[in-house]
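# Observations on chain architecture
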Amino acid sequence: MPYDSKILVAGPCSAENEKQVFESAQALASLHPIFRAGVWKPRTSPLSFQGAGKEALVWLKRVKQELHMDIATEVATAEHIHLALEAGVDYLWIGARTAANPIQVQELADTLRHSAIVPKGVFIKNPVNEDVGLWQGDIERLQQAGMHVMAIHRGCNHRPCWAMSFELRRRMPQLVMLLDPSHMSGDASMVPTLCQQAMDLNYDGLMVESHLHPSDALSDAHQQITPAQLADIITHLEMRHPSTPDTELLALRQQIDETDDELWQLIAHRMTISKAIGQYKKEHQLPILQTDRYDAILRKRIDWAQSKGLSEELVRAVFEIIHKESVEAQL
Ligand code: PEP
Ligand code: MN
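Residues numbered from 1 in each chain as written. Chains lettered and ligands numbered in written order. Predicted model: local features only at pLDDT ≥ 70, side-chain atom pairs only at ≥ 80, totals over all residues. Heavy atoms only, no water.

### Thoughts on the overall build of the protein
Stated precisely, the cut-off is as follows: Helix and strand definitions here come from DSSP, where helices need a minimum of 4 consecutive H or I residues and strands a minimum of 2 consecutive E residues; each element is numbered from the N-terminal end. When a residue's accessible area, from a 1.4 Å probe over protein chains only, is under 20% of the maximum for its type it is buried; when over 50% it is exposed; and in between it is partly exposed. Throughout, the Shrake-Rupley method with a 1.4 Å probe supplies accessible areas, and for residues the shown protein chains are the sole cover considered.
A tally of regular secondary structure across the protein gives 13 helices and 8 strands. Summarising its shape, the C-alpha atoms of the protein cover approximately 80 × 45 × 40 Å along the three principal directions. The 331 residues of the protein split such that 44% are buried. Element-wise, carbon and sulfur atoms account for 54% of the exposed surface of the protein, whose accessible area totals about 17,900 Å².

Here it is, written out as structure tokens:
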């Protein structure tokens, strides 16, 4: 199987009952995953299924003992950690909502530091708010507590937040990072594509939600796939192999570097003109921000860029930052 060298964490969103947990694990066993199931669920509404609670740890323990699989669950309090580790849970994960609160993460890290039982690893999802510093801080808190920490990019608002995950990998190049296509998309039909993109981007593995009967799932029914679908995805993933760049790639990179040189020269030149305009406006008591002009140049660029195959999103993002810098330089 091509996926061999990667990590797979798979299982249902929630542990619902003993039969569901055991049969899901049996159905996934041939993929050799770390078996995941949520015991305590951080749900938006108090009316939704909140997880079966500590009773579910007994069901997970059975998977470990009878199927010899490593097991993983989400923890959000010190008590969760104690109960999970005493039940033999091998890997813990910290969810996106908890990850947004550094005081809570520090409490979890302190609990782990003082625990007699050490998990094999702790996964930390990206915080729900797109803040790379917060995610990095969470990782450092857990590392300081002596944990083997692995990050999980689970997206923001049901979309990948690629820029944040690339930045985290730039800051922490040795960090193991998995991709969670299930929470990233909230949509089972997107899972295969995102799994392949994770491999194309050289992620170290995947955390995928898999339910025997997704439409009956008590939580996250729309995003779960069956164990058979997951097996099909994993067996068909195309793997890429990191290697030293050859001359063709080096030549293309040279072209990129030269183009970037020109691009930055132009941006610097544009700022010089912008400052001269700022001086003119000051001398003639004209307001700095001229909304009509901004709107006109933005619209013109969007139309032009689309004819070049560039997305409106790119034009807006680049233009907004350039325009903001220009206005600030004129203040
Ligand atoms: C989960 O993995 O079941 C979960 C709740 O994930 P997240 O914290 O990413 O929403
Ligand atoms: Mn879920």
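### Observations regarding the sheet that holds strand β3 (residues 71-74)
Put simply, the rule is: Strand pairing follows a simple DSSP-based rule, namely that at least 2 bridges must link the two strands. Geometry is summarised by axes, namely lines fitted to C-alpha atoms with helices restricted to the contacting stretch, and by angles between N-to-C directions that run from 0 to 180 degrees.
Taken in spatial order, the 8 strands close into a barrel running β1-β2-β3-β4-β5-β6-β7-β8, and their pairing is parallel. The mean inter-strand angle of the sheet, taken between neighbouring strand axes irrespective of direction, is 25 degrees.

### Concerning the state of the cysteines
Going by this rule: Defined by distance alone, a disulfide is two cysteine sulfur atoms within 2.5 Å.
Tallied over the entire structure, the rule returns 1 disulfide. The partner cysteine of C156 in its disulfide is C161, sulfur to sulfur 2.2 Å. Taking the sign of the S-S torsion, 80 degrees for the link of C156 and C161, the bridge is right-handed. This pair shows no difference in class: C156 is buried, exactly as C161 is. In this structure C195 is not part of a disulfide, and its nearest cysteine sulfur, from C13, lies 16 Å away.

### Brief notes about unusual backbone geometry
A positive phi angle, close to 60 degrees, is found at N202, a residue other than glycine. Within the secondary structure, N202 is located in the loop between α9 (191-200) and β8 (205-209). For N202, a relative accessible area of 37% gives the class partly exposed. Despite not being glycine, D220 has its phi angle at roughly 50 degrees, a positive value. Mapped onto the elements of the fold, D220 is located in the loop between β8 and α10 (227-236).

### Describing the nonpolar core
Our working definition: For the purposes of this section, nonpolar cores are sets of buried Ala, Val, Leu, Ile, Met, Phe, Trp, Tyr and Cys residues that join through side-chain atoms within 4.5 Å. Should any heavy atoms of two residues lie within 4.5 Å, those residues are counted as being in contact.
Core analysis: the largest hydrophobic core is formed by 65 residues, its most contacted members being F35, I139, L142, L168, L206 and L237. In contact with L206, not counting residues within four places along its chain, are Y3, I7, L8, V9, L178, L179, C195, A198, M199, I234 and L237.

### A short note on the coordination of the manganese ion (ligand 2)
Metal coordination angles have textbook ideals: 109.5 degrees for a tetrahedral set of four donors and 90 or 180 degrees for an octahedral set of six. Rules: Donor atoms are limited to N, O and S found within 2.8 Å of the metal ion, a distance that becomes 3.2 Å for Na, K and Ca. With water left out, some sites might look partial.
Of the protein atoms, only C13 (SG), H183 (NE2), E209 (OE) and D220 (OD) coordinate the manganese ion (ligand 2), at distances of 2.1 to 2.4 Å. Of note, the donors binding the manganese ion (ligand 2) are all from one chain and are spaced C-x169-H-x25-E-x10-D. Remark: D220 occurs in the loop between β8 and α10 and C13 occurs in the loop between β1 (7-11) and α1 (18-28); sequence separation between them is 207 residues.

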